[in-house]
Amino acid sequence: MTTQPYRLAEGGIVDRERPLTFSFNGRRLTGFAGDTLASALLANGVHLVGRSFKYHRPRGILTAGTEEPNALVQLETGNRSTPNLKATRVELYDGLVATSVNCWPGVSFDASALIDTAHRMVPAGFYYKTFMWPRGGWHVYEKLIRRMAGMGRAPEGPDPDRYDRVNAHCEVLVVGAGPAGLAAARAAGRSGVRVILADEQPRPGGMLLNVADTKGEPGADWVGDTLSELRSMPNVRVLTRTTVTGYFDHNFLVAVERVTDHLGPDAPAHLPRQRLWRIRAARVVLATGALERPLTFANNDRPGVMLAAAARAYVNAFAALPGRRAVVCTNDDSAYDAALDLHRNGVEIAAIADLRTDPARPAAQAAAAGLNILYGHAVVDTGGRRRVRSAHVAGIGSDGFLKGPVRALQCDLVLMSGGWSPAVHLFSQSGGRLRYDDALGAFLPDRARQRVQCAGAVNGAADTASCILQGQDAGSGDLPAAASAAVAEAGSHWPIPARNRSGEFRRFVDFQNDVTTADIALAVAEGYQSVEHLKRYTTLGMGTEQGKTGNVPGIAVLAGSLGAPLPAVGTTTFRPPYDPVTFGAIAGRDVGPLADPVRETPMHAWHVKAGAVFEDVGQWKRPFYYPLAGETKRDAVVRECLAVRNAVGLMDATTLGKIVVSGRGAVAFLNRVYTNAWDDLEVGRCRYGLMLGEDGMVLDDGVTARLATNQFLMTTTTGNASRVLAWLEEWLQTEWPDLDVYLTSVTEQFATVALAGPKARAVLSGLTSDIDVTTGAFPFMSWRSGHVAGFPARVFRISYSGELAYEISVPAAHGLNLWAALSRQGEDHGITPFGTEAMHVLRAEKGYLMVGQETDGTVTPIDLGMQWILKKRKDYIGRRSLARSAMLDPMRKRLVGLRTEDPDLVLPEGAQILPTAPYGPPETMVGHVTSSYWSGVLRRSVALALVKGGRDRETTTVHVPLDGRTARAEICDPRFYDPDGARLRG
Amino acid sequence: MLLIACPWCGQRDESEFTCGGEAHIQRPPDPDALSDPEWADYLFMRANPKGRHRERWCHTHGCGRWFNVERHTVTHDVLSVYRMGEAPPDDRDGDPS
Ligand SMILES: [Zn+2]
């Protein structure tokens, strides 16, 4: 027993033994295994499936494939919900839940449909014209438009499904498994090379699945035989449900395989939902077929108006009748086959209106079947509201105007065929040129740029036999034979005249974006002549279906409006993707913790145990601060800073980049890449260095130690480690290949602990017997090697906090033990672990720059007041740029300290600085805050800023506008704490 | 996605490489001898031809070596690959597109 009133009793690929229930817009319906959502809806007599994008007009199912512009659904709910899927492509499974997009509050009653009545308010370019004023109003309009437009809803939470990515290589990739593609894959497969055959449908066969079997012609049997031969070849891989969406350079193509989408939530857990195939092919055969085009008569968008070949597919493949009484309008022969197939299955054909007065191939079969053929006629309008109820048919004179009376024919289905557009998208993406073929009325592949051949309907072949022949040739690597049969003839009949020129009517060219013939005419009247401009102005072809149905009709209407021949107008550029791709498929497994590698130091476990809050610095996890129970971030940071200032703290400095520079040219190299001189640095000593880009802007900084005569250890900032190494390598390899220098990254080989504070020496001396830590023996800016806590170590006496400090490096494996030993040793001295935030505060109190905070790629050493580090005579990278007159302008922004009038106020970083109290926009802005913190030791806020004129303005008051008020601050020396540096030398 | 033949590793996907822009731009040996406009020309101005273009590429996610690629900017054909310091292949006449 079937509850599907429009389902045929037999035929088709659907399995009547396996009924499936599903829900559409809250209605429970039944279909069969093998159905698409669209075919199941049609079998249930459901035509109204959505509302159009702009006017919210009722819309039905137009096509049976990827090109569907109307029947867009939101599939499932919750985290698996997917918006804007085509009902024509969604395979039915038991329990499927779908709702229409683009309709609020419901598909049958749509409040926004009032727009349709007032449609003169929404002409072409509406968005550009209307919402440009008042300035700043867009954010209000946009929300309203989005609500009205209904782009589908984003899922509510993270995607629970898994996606995979596969790299594949083959000698021949065949796209499309219709007759041409199957023949091509078979020919290529027989030659023994690796072949991949990809097809977007669940079953190979292409159009052969949609036609009734005809005696003597290849049909379902031929498909079955070919497929079993392909499956028996170990060198051939057949991918179904796989859409090739992009054709890129050097024969690299991307395809999306929908592995379990058709199984719904019951999909087995071991399979990914989708797979992204990245295929490099020596040769590509495109057998992508052709797409039928609509005709542009008035109200051609009512539910029940359908492409002829789509109706044929529903009847033959799915045994679903799209209606009981049809009117056919065509300018092409293929619609006759559709009419005959429907007629055989009990659909009454009220009339076939053929726009041609004298078709080259009169439809003898249709006439013999007694069908009513009206030559030189067209459907000029339709009636009905949520479903077509009548078609208005009239004669069309040679002048293009109506001739004779208009007759209304009752019907519940209107089939239209405006000829076929070869699916040249991928060929065009590959860089191939197209040509317009007048006889076919379509763009065809012309000259290829890559190793690609087209075969079958995409090449203009009109019958199965020529498709197979072309496929065989292309698969063997021969040039495809010319199509042996006459190509389908299609006249140019865009647009079809309306029956009442002054009345209200709309002829849709792009169904999804609601672009009408009038919109195109208006755009032309407003001066848009290029097809690319027209596309953007009217949004023609810019929806999810990318103009698959409306492209050529739209161009034809444009050509007509311009009075130019169609080939002169040309076509828009086809770009990837051919069909929308989910973000899940693109991301693959690179999500969550796998989105980016996480780098942890050897001491990470200790930090976790100590309750550290972590900060991401590049890929590194660095302790930000270590809150004790009940402490706020500010409490913790103040405590950590005070411990360093008054006792001793320890910080994990492992993440700083470490590069060993060795070779006889090492000194010369450092002289070129740093702004200061390195010749006189003794072994055992360290020096701070500043690295510039060739444009003179600060790139990075760090301390470099001389390990041996021809060996240095350079440190970089954490975030710039790999960038600096790449930068140095580039200069060595491309500019100075003669320099005897080798660079080795050793960042991960050593664990480094910074021990800072007045008690640092006391802690260190208790853990080493072979390093003399007295000031005289181990002065500031020197390094010693020996053992610390029993581990071989290099100890650097350098400081970023302004306190007495050591950085202790040991082989990475000993990092955790060294940290633990230092913690134990320092217990009596109140040793405190401190994080990156305390480090930032400590260095800001000292006025030390932080690369990336005080610098942003536009800041020179002069701006930072660091002329002292610039060599006077010898060259270095960036030196010449610093000599440009603009770099010496005293009114460049330069580094200063800012002392707020209210000591408790911590200015927000990035805040703008004004020379006077604000007087209303546009304000004069003289700088911005780069670093700003609460200083526990100074009991007030400290801030660094870049201000025009810099320290020439010292002691002047500036104004910092904040939310609702303005703060006053005084420009001062950026060295807030211990300006003479007595503490770090102690 | 270009297929580029690293002179050290062979054919690899473009995603393993970094493009370093126009090749054969030598750093002036005596920058002080240059006027500001001449220095700016070295620093900022690059050819942007429609057709043959010699570029520096680095096999960043491979051997880490820099080398030269002659690429056609319209067709993206890789016309030749040669090592740093090697002379570029002789100019050929005509446009290969
Ligand atoms: Zn390489």
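Residues numbered from 1 in each chain as written. Chains lettered and ligands numbered in written order. Predicted model: local features only at pLDDT ≥ 70, side-chain atom pairs only at ≥ 80, totals over all residues. Heavy atoms only, no water.

**Some remarks on the coordination of the zinc ion**
Residue and element names in this part refer to chain B.
So, point 1. Protein-derived ligands of the zinc ion are Cys6 (SG), Cys9 (SG), His59 (ND1) and Cys63 (SG), with the metal-ligand distances lying across 2.0 to 2.3 Å.
So, point 2. Classification of the site at the zinc ion as tetrahedral follows from its 4 donor atoms and the range of 105 to 117 degrees in their angles at the metal.
So, point 3. For the zinc ion, the donor residues sit on a single chain with the sequence spacing C-x2-C-x49-H-x3-C.
So, point 4. With relative accessibility at 0%, the residue His59 sits in the buried group.
So, point 5. For Cys63, a relative accessible area of 32% puts it in the partly exposed group. (Donors = N, O, S within 2.8 Å, 3.2 Å for Na, K, Ca; no water. Tetrahedral: all angles 85-135°; square planar, octahedral: opposite > 155°, others 65-115°. Buried < 20%, exposed > 50% of the residue type's maximum accessible area, 1.4 Å probe, protein only.)

**Thoughts on helix α14 (residues 551–562) of chain A**
Residue and element names in this part refer to chain A.
So, point 1. Over its 12 residues, α14 extends 16 Å from the first C-alpha to the last, a length consistent with the 16 Å expected when each residue adds 1.5 Å.
So, point 2. Across the 12 residues of α14, 9 count as buried, placing the element largely inside the fold.
So, point 3. Where α14 is buried, its residues touch β23 (420–422), β25 (442–445), β27 (508–510), α12 (517–525), α13 (531–538) and α15 (566–569).
So, point 4. Just past α14, the residue Gly563 takes up positive phi, approximately 70 degrees. (Helix = DSSP H or I, 4+ residues; strand = E, 2+ residues; numbered from the N terminus. Expected span 1.5 Å × (residues − 1). Contact = heavy atoms within 4.5 Å.)

**Structural notes on the interface of chain B and chain A**
So, point 1. Each side of the interface is counted separately: chain B has 25 residues, and chain A has 24 residues.
So, point 2. Contact between chain B and chain A buries roughly 2200 Å² in total, counting both sides, with carbon and sulfur atoms accounting for 44%.
So, point 3. A per-residue breakdown of the area chain B buries against chain A is headed by Met1(B), Arg27(B) and Trp66(B), which together make up 31% of the total.
So, point 4. Across the chain B-chain A interface, the total number found is 6 salt bridges.
So, point 5. A salt bridge links Asp875(A) to Arg27(B), with the nearest nitrogen and oxygen atoms 2.8 Å apart.
So, point 6. Along the contact surface separating chain B from chain A lie 20 residue pairs in polar contact (both at pLDDT 80 or more).
So, point 7. If you tally residues by element for the side of chain B that touches chain A, the top one is helix α1 (residues 36–44) of chain B, at 4 residues.
So, point 8. Counted by class, the side of chain B that touches chain A contains 13 nonpolar, 5 polar and 7 charged residues. (Buried area = accessible area lost by both parts, 1.4 Å probe. Salt bridge = Lys/Arg side-chain N within 4 Å of Asp/Glu carboxyl O. Polar contact = N/O pair within 3.5 Å; in protein donor to acceptor, adjacent residues only side chain to side chain. Nonpolar A, V, L, I, M, F, W, Y, C, P; charged D, E, K, R; others polar.)

**As for unusual backbone geometry**
Residues and elements named next belong to chain A.
So, point 1. Cis geometry marks the peptide bond from Pro576 to Pro577, where omega comes out at -5 degrees.
So, point 2. Secondary-structure assignment places Pro577 in the loop between α15 and α16 (583–587).
So, point 3. For the bond running from Pro921 to Pro922, omega is -5 degrees, close enough to zero to count as cis.
So, point 4. For Pro922, the position within the fold is in the loop between β43 (912–913) and β44 (927–935).
So, point 5. In this model, His56 sits at a positive phi of 55 degrees, which is unusual for a non-glycine residue.

**What about α13(A)?**
All names here are of chain A.
So, point 1. The element α13 is largely enclosed, with a buried count of 6 among its 8 residues.
So, point 2. The N-cap of α13, judged by a side-chain oxygen 3.1 Å from the amide nitrogen of Glu532 a few residues on, is Ser530.
So, point 3. Once α13 ends, the next one or two residues include Thr539, with phi positive near 65 degrees.

**A word on the pairing of strand β42 (residues 893–900) of chain A**
Residues and elements named next belong to chain A.
So, point 1. Most of β42 is tucked away, with 6 of its 8 residues classed as buried.
So, point 2. The pairing of β42 with strand β45 (residues 940–948) spans 6 bridges and is antiparallel. Paired with Arg894 across the strands is Val947, a residue of β45.
So, point 3. Two strands pair when backbone bridges link them, and β42 and strand β47 (residues 965–972) are joined in this way by 4 bridges, in the antiparallel orientation. Among the inter-strand pairings, Gly897 is bridged to a residue of β47, identified as Cys972. (Pairing = 2+ DSSP bridges.)

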